[in-house]
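What the coordinates show
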Amino acid sequence: MAKTETKATSLERHGLTDEQLRQMFRNMLMQRQLDNRGFQLNRQGKVPFALGSEGHEALQAGAAMAFHRGKDILAPYYRDLGLALGIGLTPYEILLSLFARAADHNGGRQFPNHYSSKAAGLMSFSSILAAHIPHAVGAAYAIKYRKETERAVLVTCGDGTTSEGEWHESMNFAAIHKLPLVMLVENNEWAISTPLDKQMAQPEIWKRAAGYGMPGKRFNGFDPIATYGAVNEALERARSGGGPTLLEGTCYRYLAHSTDDNDMTYRTKEEVTEHRKDDPVPQFERSLLDARVMSIADVDAMKKDVLRETNDATDRAEAMPYPAASDLYTHLYEGAWQPWQ
Amino acid sequence: MAVTTSSKVLNNVEAVRETLYEAMKADDRTIILGEDVGNRGNVFLITKDFINEFGPERVIDTPIAEASIVGIAVGMAMEGLRPIAEIQFADFIYPAFNQIVGEAAKTRYRSNGEYTCPLVIRTPYGGGVRGALSHSVSIEALFYHVPGLKIVAPAFPADVKGLLNAAIDDPDPVLFLEHKKTYRLIKGEVPEGHYTIPLGKANVVKEGTQLTVVSYGLYVHWALEAAQQLQSEGLSVEVVDLRSIRPMDKATILSSVEKTRKLLIIHEDNKFGGIGAEISAMVAEEALFHLDAPIRRHCAPDVPAMGYALPLEEEYMSSPAEMAQAMREMVKF
Ligand SMILES: Cc1ncc(C[n+]2csc(CCOP(=O)(O)OP(=O)(O)O)c2C)c(N)n1
Ligand SMILES: [Mg+2]
């Protein structure tokens, strides 16, 4: 990548360097490329299921940039490809999970997008919505209890998931104990086919923070830098003993919920097209070009590189073996165990 | 079992209390959380004064929110603490079903061993205490279907301590069921110091030759009383205290049944889909030709729970006399 000027930028930076801005952009490009790849592989009949985060790229790239690797804990949900990549998971790891290969963190047991990596501080989670939020609270409790300063937990979920009881219980407990936790809601206006107004009467999720006695904030999740600013501020507060924050990033889900969903049965093409005008990926590209953080040649080179890495990771992952049938019987309990027969 | 030098007489509530106290003393990763476990020290006073000694960070009075009591404990366990979560009464565990079945039981499995969930969930269960519909239920059958969980239901104070220690030491989630009628009713010698009884091992609490009775919890005591009655009538009944429901001690059940050639399963929980259903099926599969009589299950009637009014509770619960009658019929079959 060519060296670029750092000076003439119109961007509000929140202290981010050019290199960090480029990393965020690369993460966004990679998200889109990998989403694309998942849907392609599904259409080719190579994977039974894929799910994309298209529309969440900026939010996730920005939030991941605020995460301190080796310190913080991430408790994400299934639409967090960009967060997983941004805290250190590789496209190869993502594809291993897509192909359900033995070398996947979950050994091919879980759906794709159910990231898990103890090494990266990414907590394992199930498909059960909101069930991971109390886990994040428990992890934050452990951090506080052990007096580990400079650590916090970033937990995410969709707008629909905020209707679950465990979401409420978790916010309440985190606030009571002033835990080092940031609850980041990725509000994409839809929960499969259910729009926000059938999920809640008061549509500004961040305002619930006041009810729990914690700070709340809403930001434009199409802007990676604004996202970084909000998440960084909240994580810093959490790390330094200031307690939890409820953040709401607004974004949009461009794709159907998953490869098993047809969104044209419940929303219009016009609605999607309207939101496409604000697509965060080309928008951020323009900002970086305008601010001369990247040149057109830089951007082209980066896109090529992202495609190359995706192709490479696809080939490598596809070539890996499935788990053996006998792997069904491992890791139920520690040590040897006698299955009931 | 570790070497222990002496013992003392405790009831079941004191056995739980002593074990929890020693666990808190031994390991500062141990955290107790639940409703009213701190200021009041649990509704049965099991953790009375713990909060003064160990502090509110380790003895957490939680909001009334069972799903997150367990869910937060799961998160603590995933991140290196050793939580002991309490559900105030087993009847209130339903909101936490998702966390127990969907999360705790599957944490290790779904992450291919990367994350684990060393968690104990304690809860008082069972009836005969005028607890009515919602302070007397048995919940074991709702959970024993679930691989990934371990379930313990001890009857004697020494087993309470040994099994609770084993549950606390165990690297996987354990549901620890304490029969609340036995809390103060049942006393026994309890060894001093730390010792464990392996999870998944039943105990033959009375030897006999003409009938095997398998039970757990309060009904072990009543079955023993009934078996003594039969002894005085010249009939010989063996009583197996299951102690652990999952893993289940197949070997002890089978060897007893192969000796006595008859099996009666007694439990307080409903018959349909209860623990006895699995035991009967297992024995039918593995030892049918050793049997001299059909397997029988003496369990609660097929109604949701015991009523508050005394006749309703008594009708739901069995009694040593009813158990003795079922045993007589089996022996004489
Ligand atoms: C407890 C539970 N209920 C229902 C589902 C089915 N489900 C999966 S995703 C989803 C929608 C979630 O919407 P939202 O939280 O807004 O996240 P998004 O998919 O929009 O990112 C539903 C209903 C589930 N997985 N778990
Ligand atoms: Mg949504």
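Residues numbered from 1 in each chain as written. Chains lettered and ligands numbered in written order. Predicted model: local features only at pLDDT ≥ 70, side-chain atom pairs only at ≥ 80, totals over all residues. Heavy atoms only, no water.

**Some points on the nonpolar core**
Test applied: The nonpolar core is taken to be a set of buried Ala, Val, Leu, Ile, Met, Phe, Trp, Tyr and Cys residues, with the residues joined through side-chain atoms within 4.5 Å. The rule is simple: take the accessible area with a 1.4 Å probe, protein chains only, and divide by the maximum for that residue type; under 20% is buried, over 50% is exposed, in between is partly exposed. A run of H or I in DSSP becomes a helix once it reaches four residues, and a run of E becomes a strand once it reaches two; helices and strands are each numbered from the N terminus. The contact criterion used throughout is that any non-hydrogen atoms of two residues lie within 4.5 Å.
Counting residues in each nonpolar core, the largest one holds 87 residues, and the members touching the most others are L119, I279 and V283 of chain B. The dominant element in this core, judged by the number of residues it contributes, is helix 5 (residues 132-145) of chain A, at nine residues. Among all residues touching I279 of chain B, those that are not within four sequence positions of it are V214, L242, M248, I253, L263 and I265 of chain B. In this structure, F25, A61, A152 and Y228 of chain A belong to the second largest nonpolar core, which totals 73 residues.

**Overview of the environment of P91 of chain A**
Residues and elements named next belong to chain A. Tracing the backbone through its elements, the reader meets P91 in helix 4 (residues 91-98). The spatial distance from the C-alpha of P91 to the C-alpha of D312 is 9.3 Å, given a sequence separation of 221 residues. Once residues lying within four places of it in the same chain are set aside, the contact partners of P91 are M30, L34, L85, E309 and A313.

**Some points on helix 2 (residues 57-66) of chain A**
When you tally the buried positions in helix 2 of chain A, you get ten out of ten residues, the bulk of the element. Of all the positions in helix 2 of chain A, only E57, A58, L59, Q60, A61, G62, A63, A64, M65 and A66 of chain A are classed as buried.

**Quick look at the coordination of the magnesium ion (ligand 2)**
Residue and element names in this part refer to chain A. The condition that has to hold: Donor atoms are limited to N, O and S found within 2.8 Å of the metal ion, a distance that becomes 3.2 Å for Na, K and Ca. With water left out, some sites might look partial.
Taken together, D159 (OD), N188 (OD1) and W190 (O) make up the protein donors of the magnesium ion (ligand 2), found 2.0 to 2.3 Å from the metal. All donors of the magnesium ion (ligand 2) belong to a single chain; written as a sequence motif, their spacing is D-x28-N-x1-W. Taken together, the residues D159 in the loop between strand 2 (153-158) and helix 6 (165-176) and N188 in the loop between strand 3 (181-187) and strand 4 (190-191) connect sequence positions 29 residues apart. Taken individually, D159 and N188 each receive the classification buried, so the pair is uniform in this respect.

**So, the confidence of the model for chain A**
Cut-off, in case you're wondering: A score from 0 to 100, pLDDT tells how confident the predictor is in each residue.
This prediction gives chain A a mean pLDDT of 95; 97% of its residues lie at or above 70. Overall, residues 1-10 of chain A carries pLDDT values under 50, and its contacts beyond four positions in sequence, including any with other chains, amount to 22 contacts.

**Observations concerning the interface of chain A and chain B**
Let me state the cut-off plainly: Summed over both partners, the accessible area lost on bringing two parts together, with a 1.4 Å probe, is the buried area. Here a salt bridge means any side-chain nitrogen of Lys or Arg lying within 4 Å of a carboxyl oxygen belonging to Asp or Glu. Under the rule applied, a polar contact is a pair of N or O atoms within 3.5 Å (in protein, one hydrogen donor and one hydrogen acceptor; residues adjacent in sequence only if both atoms are side-chain atoms). Residue type decides the class: Asp, Glu, Lys and Arg count as charged, Ala, Val, Leu, Ile, Met, Phe, Trp, Tyr, Cys and Pro as nonpolar, and the leftover types, Gly among them, as polar.
Taken together, the contact between chain A and chain B spans 41 residues of the former and 46 residues of the latter. When the two sides are added together, the surface that chain A and chain B hide from each other amounts to roughly 3800 Å², 58% of it contributed by carbon and sulfur. If you sort the residues of chain A by the area they bury against chain B, Y145, Y333 and W340 of chain A come out on top, with a joint share of 20%. Seen at the junction of chain A and chain B, the total is one salt bridge. Of the charged contacts, one joins E334 of chain A and R108 of chain B as a salt bridge, the two residues approaching to 3.9 Å between their closest N and O atoms. Summed over the shared surface of chain A and chain B, the number is 23 residue pairs in polar contact (both at pLDDT 80 or more). Residue assignment for the side of chain A that touches chain B shows that the elements contributing at least two residues are helix 5 and helix 6 of chain A. Class assignment of the residues belonging to the side of chain A that touches chain B gives a composition of 18 nonpolar, 16 polar and seven charged.

**Observations concerning the pattern of salt bridges**
Oppositely charged side chains can pair when the atoms bearing their charge come close. For the structure on display, the rule yields 42 salt bridges over all chains. Taking the shortest distance from any N to any O, the salt bridge between D18 of chain A and R13 of chain A comes out at 2.7 Å. Its relative accessible area of 6% is what places D18 of chain A among the buried residues. Look at R13 of chain A and you get buried, because its relative accessible area is 15%. Salt-bridge contacts for E329 of chain B lead to R296 of chain B; the nearest nitrogen and oxygen are separated by 2.6 Å. Note that E329 of chain B is positioned in helix 13 (residues 320-332) and R296 of chain B in strand 14 (residues 296-300), a separation of 33 residues in sequence. On the basis of relative accessibility, which here comes to 40%, the residue E329 of chain B falls in the partly exposed class.

**Things to note about the sheet that holds strand 3 of chain A**
Residue and element names in this part refer to chain A. Put simply, the test is: Two strands make a pair as long as DSSP finds a minimum of two bridges between them. Lines fitted to C-alpha atoms define the axes, with helix axes restricted to the stretch in contact, and inter-axis angles between N-to-C directions lie between 0 and 180 degrees.
Ordered in space as 1-2-3-7-6, the five strands form an open sheet in which the pairing is parallel. Two strands bound the open sheet, and with one partner strand each, they are strand 1 (73-75) and strand 6 (216-220). Averaged over all pairs of adjacent strands, the angle between strand axes in this sheet comes to 20°, irrespective of strand direction. The pairing of strand 1 with strand 2 spans three bridges and is parallel. Counterpart to A75 in the pairing with strand 2 is V155. Its contacts with the sheet put helix 5 on strand 1, strand 2 and strand 3, and the angle it makes with strand 2 is roughly 170°. With respect to the sheet, helix 8 (residues 224-239) is in contact with strand 2, strand 3, strand 6 and strand 7 (245-250), its orientation differing from that of strand 6 by roughly 155°.

**Examining the side chain of K161 of chain B**
All names here are of chain B. The topology assignment puts K161 in helix 7 (residues 157-169). We classify K161 as buried; its relative accessible area is 0%. A distance of 2.9 Å separates a polar side-chain atom of K161 from the backbone oxygen of G193. Non-local contacts of K161, meaning those with residues more than four positions away in its chain, are made with E18, T19, E22, V190, P191, E192, G193 and Y195.

**Concerning the sheet that holds strand 14 of chain B**
Residues and elements named next belong to chain B. Pairing is mixed in the open sheet, where five strands are placed in the order 9-11-10-13-14. Each edge of the open sheet is held by one strand with a lone partner, namely strand 9 (203-206) and strand 14. With strand direction ignored, the average angle separating the axes of adjacent strands in the sheet is 25°. Where strand 10 (residues 211-215) and strand 11 (residues 237-241) come together, five bridges link them in parallel fashion. Looking across to strand 11, one finds that L211 is bridged to V237. Here helix 11 (residues 275-287) sits on the sheet and contacts strand 10, strand 13 (263-270) and strand 14; the angle it forms with strand 13, its principal contact strand, is near 155°.

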